[in-house]
Amino acid sequence: MIGIELLPEAGGARQYCEKLMGLGVLCKDTHGHTIRVAPPLVINRQEIDWALERFETLLSAKQRVPAAGGMIGTAATICW
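Residues numbered from 1 in each chain as written. Predicted model: local features only at pLDDT ≥ 70, side-chain atom pairs only at ≥ 80, totals over all residues. Heavy atoms only, no water.

Trainee: Summarise the pattern of salt bridges; cite the residues concerned and give the values.
Mentor: Tallying each qualifying case throughout the model produces four salt bridges. E18 is the partner of R14 in a salt bridge, and the nearest nitrogen-oxygen pair spans 3.2 Å. Taken together, the residues R14 and E18, both in helix α1 (residues 13-22) and four residues apart, mark about one turn of the helix. Note that D29 and K28 form a salt bridge whose closest N and O atoms lie 3.7 Å from each other. The exposure class assigned to K28 is partly exposed, which follows from its relative accessible area of 42%. Each of R14, E18, K28 and D29 takes part in one network of salt bridges that share partners. (Salt bridge = Lys/Arg side-chain N within 4 Å of Asp/Glu carboxyl O. Helix = DSSP H or I, 4+ residues; strand = E, 2+ residues; numbered from the N terminus. Buried < 20%, exposed > 50% of the residue type's maximum accessible area, 1.4 Å probe, protein only.)

Quick look at the structure:
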């Protein structure tokens, strides 16, 4: 299972999950600010790249938000 934790400024995870569903990626929001992804047990490199392209499309479309210390960062941190 993979978790993508969103910064509070990004808003809730549900809106991201719904948009990802529209892009063909099924995931679940959990704890309000985390996107939970459970890829299949058998997956190949092309399928991983396909899914990551959808995440990149969605997350890069969102405005980048200031992180702690005034640095500009993305709205998410990926947790393995």
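Now that the structure is up, let's keep going.
Trainee: Before we move on, can you summarise the packing of α1 against helix α2 (residues 45-61) with the specific residues and values?
Mentor: Running from N to C, α1 and α2 point in directions that differ by 130 degrees, and their axes come no closer than 10 Å. Relative to α2, α1 is oriented oblique. In terms of crossing hand, the pair formed by α1 and α2 is right-handed. Across the interface between the two elements, Y16, K19 and L20 from α1 touch R54, F55, L58 and L59 from α2. Taken together, the residues that form the contact of α1 with α2 break down as five nonpolar, no polar and two charged. (Axes fitted to C-alpha atoms, helices over the stretch in contact; angles between N-to-C directions. Parallel < 35°, antiparallel > 145°, perpendicular 65-115°, else oblique. Left-handed = near helix turned anticlockwise from the far one by under 90°. Contact = heavy atoms within 4.5 Å. Nonpolar A, V, L, I, M, F, W, Y, C, P; charged D, E, K, R; others polar.)

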